Amino acid sequence: MKRELTCVACPLGCSVTVEYTENEVLSVTGNTCKRGEAYAKTEITNPTRSLTSSVKVNGGMHPVVPVKSDKPVPKDMLFECMKVINGTCVDAPVSIGQVIISNILDTGADIVATNID
Amino acid sequence: MLNYDLVVVGGGPAGMAAALKAKECGVESIIVLERAETLGGILEQCIHTGFGLHYFGEELSGPEYAAKFIAQVEETDIVVKTDTMVLDIDENNVVTAVNKNDGLLKIQAKAIILAMGCRERPRGALEITGSRASGIMTAGTAQKYVNIDGYMPGKKVVILGSGDIGLIMARRLTLEGAEVKVVCELMPYSGGLTRNIVQCLDDFGIPLRLSTTVVETHGKERLEGVTIAQVDDKLQPIESTKEYIECDTLMLSVGLIPENELTKNVGIGIDRITNGAVVDEMRQTDHKGVFACGNVLHVHDLVDYVTLESQIAGKGAADYIAGKADPAPVYVNTTTGNGVRYLVPQRVNVNNKEDIKLYFRVGQIYKNAKVVLECDGKVISSKKKVKLAPGEMENVIIPADVLASMSSDSSIVVKVEE
């Protein structure tokens, strides 16, 4: 199987072609550096994304507080993670770095606050 | 009348970095005037990550980047007034401001740093016909509704403008359950970072239509749909390509404009291309003791560079207050050559003993071109760049020894050679 993707490791945005089977990546071409090769491999085998969103707050200065995943989560779990985040409520006060949801959907990533409230 | 050595207008990343640097350089009394409830500026609503990669070597969200500077400000004796709006600056550096607690404030400053940031171009400035139905807003406004107020502005969204704010909000709204139907971009290329095209549009199957614009909105009370059309090479809509798209929200991401009302009111010279003040290498405007930095000077892509630029302004203001500024500067204007839209600073004092970095943007996309710096007709540097884009700010350095050989008749040109 073959796939073409745009590398996002740096502003160049090289067009990279990856040839792969169900079990392994066969070749990566079009990249101009090693980071591109690594990105392309991960994108095919286990694409992940950082997730940022906001969580309802009780008794804070604002109705919501911004949060982020402290590690990237599997790309195909973004919407499921959003469901969990949107079903969550946290009581003020909130501090930066406070864990709001621990190990979300068993991904190994925590959802942490990125501002105070 | 209050007296402060330094008044900083705006407490976002620019104002904070400038104030902190000025304090570090020995300025005694500093006051920061911020119109919002907290310091942090626009970063407070930019909850996505990607800030601080250069400055801190970390990938932070906007609020986290701001928090690092807020913490530093809190450790100093810098006075901060939030919920405070600056109304006027006069030729004698008297700043007039107002807030609920103090009422009207009049502050005599020795130096002023302008760090007011920028605002978004609104629908009213565009040629889109149609009634003023609700559901039409700028991307930054939608960002504030979602990330600060916890509201969803709509369910079926069309976005005009493929700059980073529009792309980031395309992803944000999609994650929150909206259907983003299309992103229309007037130009034949996107203004946003490639990583955002991939992670905000491609990831969610949101189509990007280049050379396309919105020509009409439909709906009386609430937006019901928009008419989009392709444009020709003069950016004029092509009648036969008109297409109706049903939606309840139109988000506009069509340009940022430095907020320079205060600057213009006191007669400070403005650069027509950047829409910010004309400044020298210390970011001093043509009014003595008045400096500008951050988005109010020229719109930046990376807050890391805002911080660095604002530190220059902070030091410049500190030197001015201490009477250390050059009493007889020799200014040479910087000149834009082929392909370069603007240069900041617009002029440099060639008595400077240190290298000077010039920032610029190109007017179109270039591939495998050279950025050339020419001083007095001699090529000083010629750097090969695989890609140059209007959406990515670049820089060149004038070495100190080259400055030393210049006089008031000298020329400094930055250009692109293909």
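Residues numbered from 1 in each chain as written. Chains lettered and ligands numbered in written order. Predicted model: local features only at pLDDT ≥ 70, side-chain atom pairs only at ≥ 80, totals over all residues. Heavy atoms only, no water.

Digging into the overall build of chain A
Of regular secondary structure, chain A possesses 2 helices and 10 strands. Along the three orthogonal principal directions, the C-alpha set of chain A runs to about 55 × 30 × 15 Å. Residues counted as buried form 42% of the 117 residues belonging to chain A. In chain A, 44% of the contacts between residues at least 6 apart in sequence involve partners at least 24 apart. With an accessible surface of roughly 6,200 Å², chain A has 51% of that area assigned to carbon and sulfur atoms. Taken together, the 11 basic and 13 acidic charged side chains of chain A have centroids lying 5 Å from each other. (Helix = DSSP H or I, 4+ residues; strand = E, 2+ residues; numbered from the N terminus. Buried < 20%, exposed > 50% of the residue type's maximum accessible area, 1.4 Å probe, protein only. Contact = heavy atoms within 4.5 Å. Areas by Shrake-Rupley, 256 points an atom, 1.4 Å probe, with all protein chains shown as cover. Lys, Arg positive; Asp, Glu negative; His and termini not counted. Charge placed at Lys NZ, Arg CZ, Asp CG, Glu CD.)

Topic: the overall build of chain B
The helix and strand tally for chain B stands at 8 helices and 27 strands. By principal-axis analysis of the C-alpha atoms, chain B measures approximately 65 × 60 × 40 Å. In chain B, which comprises 418 residues, the proportion classed as buried is 54%. A separation threshold of at least 6 residues defines the contact pool for chain B, and within that pool the share at least 24 residues apart is 61%. With the model as given, the accessible surface of chain B reaches about 18,100 Å², and the carbon-plus-sulfur share is 48%.

Side note on the layout of surface pockets
Where empty space is left can be seen by rolling a probe of water-molecule size over the atoms. Residues and elements named next belong to chain B. Roughly 980 Å³ of internal volume is contained in the second largest pocket. As for the second largest pocket, its lining consists of 35 residues, of which Glu281, Met282, Gly316, Asp319 and Asn352 are closest to the centre. With 7 residues, helix H7 (residues 303-321) is the largest single contributor of residues to the lining of the second largest pocket. Grouping the constituent residues of the lining of the second largest pocket by class yields 12 nonpolar, 8 polar and 15 charged. (1 Å grid on protein atoms, 1.4 Å probe; cavity = no way out; pocket = protein on both sides within 12 Å on 5 of 7 lines; lining within 4 Å. Points joined across faces, edges and corners; volume = space filled by probe spheres on them. Nonpolar A, V, L, I, M, F, W, Y, C, P; charged D, E, K, R; others polar.)

Overview of a nonpolar patch on the surface
All names here are of chain B. Judged by side-chain polarity, Met85, Leu87, Val98 and Leu104 come together as a nonpolar surface patch covering roughly 340 Å² of accessible area. Summarising the element assignment, Met85 is placed in strand S6 (residues 85-89). According to the relative accessible area criterion, Met85 is partly exposed, its value standing at 37%. (Patch = residues over 30% accessible without salt bridge, like charges linked within 9 Å, V, L, I, M, F, W, Y side chains within 5 Å. Salt bridge = Lys/Arg side-chain N within 4 Å of Asp/Glu carboxyl O.)

Description of the packing of aromatic side chains
Applying the stated criterion across every chain yields a total of 8 aromatic pairs over all chains. Ring centres of A:Phe79 and B:Phe204 lie 6.0 Å apart, and the angle between their planes is 80°; on these two criteria the pair is classed as edge-to-face. Of this pair, A:Phe79 sits in helix H2 (residues 78-86) while B:Phe204 sits in the loop between helix H5 (194-201) and strand S13 (208-209), placing the two residues on different chains. Here B:Phe204 falls in the buried class, since its relative accessible area comes to 19%. (Phe/Tyr/Trp six-rings, centres within 6.5 Å; stacked < 30°, edge-to-face > 60°.)

Points about the environment of B:Val402
Residues and elements named next belong to chain B. Turning to its location among the elements, Val402 is positioned in helix H8 (residues 400-404). Val402 sits in the buried class, given a relative accessible area of 12%. Distance in space between the C-alpha atoms of Val402 and Ile380 is 8.2 Å, their sequence separation being 22 residues. The residues contacting Val402, other than those within four sequence positions of it, are Cys375 and Ile380.

Notes on the environment of B:Asp409
Take B:Asp409: it is sitting in the loop between H8 and strand S27 (412-417). Considered as a pair, B:Asp409 and B:Pro327 are 82 residues apart in the sequence and their alpha carbons are 19 Å apart.

Spatial relationships are all this shows, so hold off on functional conclusions.
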